[in-house]
Amino acid sequence: MNKFRRQSATADDDLADEGRLGELGYKQELKRDWGLIHNFGVSFSIISVITGITTLFQYGLTTGGPAVMTIGWIIVSFFTFFIALAMAEITSAHPTAGGPYFWAAMLAPNNYLAAFFSWVTGWFNFVGQFAVTTGIVFGCANLIATLATVKSGFVPTPGKIIGIHAAILVSMGLVNTFGVRYLRYLNNTSIVLHSLGVSSFAIAVVAAAPTHQSAKDVFAHFNDATGDPGWGERASPAYVACIGILFSQYTLTGFDASAHLSEETHNASRSAPYGVLMSVGVSALFGFFLILCLLFSIQDFDATVGSEYLQPVLQILLDIFGENGAIALFTLIIVCVWHCGLFSITSNSRMFFSFSRDRGIPHFFHHVDKRVSNNQCVSDLHPC
């Protein structure tokens, strides 16, 4: 009886969602079978604190150092949450796959400016979508190439890294194109990896570290290794701090994915906004915990920054766990980064689909494959 009631409530929500979508000028084309947790999981996976923190840890240590990394994370998280609050409110009122460019049209003072603001916002979002995916996948390729040098004679070259990059992108595109029905399960896996997996990773690192940095080293150590002389001398330490917080800003992005997936989410006017807020709030906490664990576990700051692997997180793991342990834990990071890229493409495809539907890009991309009973939209490999 309870199961029947839940199914009936879900059906009523879907009818309401379809009606709301119709009021916004669209028909229901995508299968609506994602819940709040799935919606949250996509944004949470794309933010992927372990992806941004690992790939930019060297940048953070040399551009402001631990002080900017820790304090900067708090500041960026605080203001990012206000952005998320605004986005959540707009998502609740306009739950469409278009996201920001549709909101720009709705909030414009007149129809002429609505078209202009929507087009400009859409193209910024469009370019940003595939640019951030490229950054995620390239970061993953670099991590794989770096890990391959441990206990082997592998020598990374630009050609090899681009080859790895292409192979990773193909794998993600294939899953998004032909394995769409499995994305929900991969979403659940990603949530576990980015929560329990990252927590266990961070606790293991800080617990196994033979020595720890002092609180002063973590929260007050300012390091300017941006050149000789560094930008702290050529400009000012404030400038170094400003560019140093890009470490945090790059990581806490991608939560618009909850809006892009709203046309596939039950009770979208409620679930999608919660997805935006939850992903930012939870990521801010997990990210800060991870940063602290890594910074406190540095054994030799100068040796970590100047690591022969050019990857300080890997060097921290090698110093604490040795080669075998470091390989195992670094592999966990790579798996998390792969999931981050996978769901970035998922979000990309929904935005492309919607932008094409509104003629922002060629209509060729506005297509849902009717041969499958799920949402097989355009991916990086295959326009459905």
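The structure presented is a predicted model; accordingly, all values stated were derived computationally and were not measured.

Trainee: Would you mind going over the layout of surface pockets in detail, with residue names and values included?
Mentor: Considering only enclosed or pocket space, the largest pocket measures out at about 580 Å³ in volume. In terms of lining, the largest pocket is formed by 28 residues, of which the most central are Leu252, Thr253, Gly254, Phe255 and Asp256. When grouped by side-chain class, the residues that make up the lining of the largest pocket number 13 nonpolar, 14 polar and one charged. Its boundaries defined by the atoms lining it, the second largest pocket holds a volume of some 370 Å³. In this structure, the second largest pocket is lined by 19 residues; those nearest its centre are Asn142, Leu143, Thr146, Leu310 and Gln311. Counting residues per element, the ones that place at least two in the lining of the second largest pocket are α3 (49-55), α4 (57-62) and α7 (111-148). Counting residues per element, the lining of the second largest pocket draws most heavily on α7, at six residues. Each residue belonging to the lining of the second largest pocket can be placed in one class, and the counts come to nine nonpolar, nine polar and one charged.

Trainee: Outline unusual backbone geometry, supporting the account with residue identities and numerical values.
Mentor: Here Asp228 and Pro229 are connected by a cis peptide whose omega angle stands at 0°. Secondary-structure assignment places Pro229 in the loop between β2 (223-224) and α11 (231-234). We note that Ser48 has phi near 40°; this positive angle belongs to a residue other than glycine. Tracing the backbone through its elements, the reader meets Ser48 in the loop between α2 (36-47) and α3.

Trainee: Before we move on, could you go through the pattern of salt bridges and cite the residues and values that matter?
Mentor: Applying the stated criterion across every chain, the model contains four salt bridges. Across the pair Arg32 and Asp17 runs a salt bridge whose closest N-O atoms are separated by 3.8 Å. Remark: Asp17 occurs in helix α1 (residues 2-23) and Arg32 occurs in the loop between α1 and α2; sequence separation between them is 15 residues. By relative accessible area, which is 11% here, Arg32 ends up buried. Measuring nitrogen to oxygen at the nearest pair gives 2.7 Å for the salt bridge that ties Arg357 to Glu263. Within this pair, whereas Arg357 is found in helix α17 (residues 312-357), its partner Glu263 is found in the loop between α14 (257-260) and α15 (268-296), the two being separated by 94 residues in sequence. Look at Arg357 and you get buried, because its relative accessible area is 9%.

Trainee: Explain a nonpolar patch on the surface to me, and be specific about the residues and the numbers.
Mentor: Judged by side-chain polarity, Ile71, Ile74, Ile75, Phe78, Phe79, Phe81, Phe82, Leu85 and Phe219 come together as a nonpolar surface patch covering roughly 830 Å² of accessible area. With eight residues, the top contributor of residues to the nonpolar patch is helix α5 (residues 65-93). Within the secondary structure, Phe79 is located in helix α5. By relative accessible area, which is 52% here, Phe79 ends up exposed.

Here is what the cut-offs are and how they apply
Residues numbered from 1 in each chain as written. Predicted model: local features only at pLDDT ≥ 70, side-chain atom pairs only at ≥ 80, totals over all residues. Heavy atoms only, no water. 1 Å grid on protein atoms, 1.4 Å probe; cavity = no way out; pocket = protein on both sides within 12 Å on 5 of 7 lines; lining within 4 Å. Points joined across faces, edges and corners; volume = space filled by probe spheres on them. Nonpolar A, V, L, I, M, F, W, Y, C, P; charged D, E, K, R; others polar. Helix = DSSP H or I, 4+ residues; strand = E, 2+ residues; numbered from the N terminus. Salt bridge = Lys/Arg side-chain N within 4 Å of Asp/Glu carboxyl O. Buried < 20%, exposed > 50% of the residue type's maximum accessible area, 1.4 Å probe, protein only. Patch = residues over 30% accessible without salt bridge, like charges linked within 9 Å, V, L, I, M, F, W, Y side chains within 5 Å. Areas by Shrake-Rupley, 256 points an atom, 1.4 Å probe, with all protein chains shown as cover.

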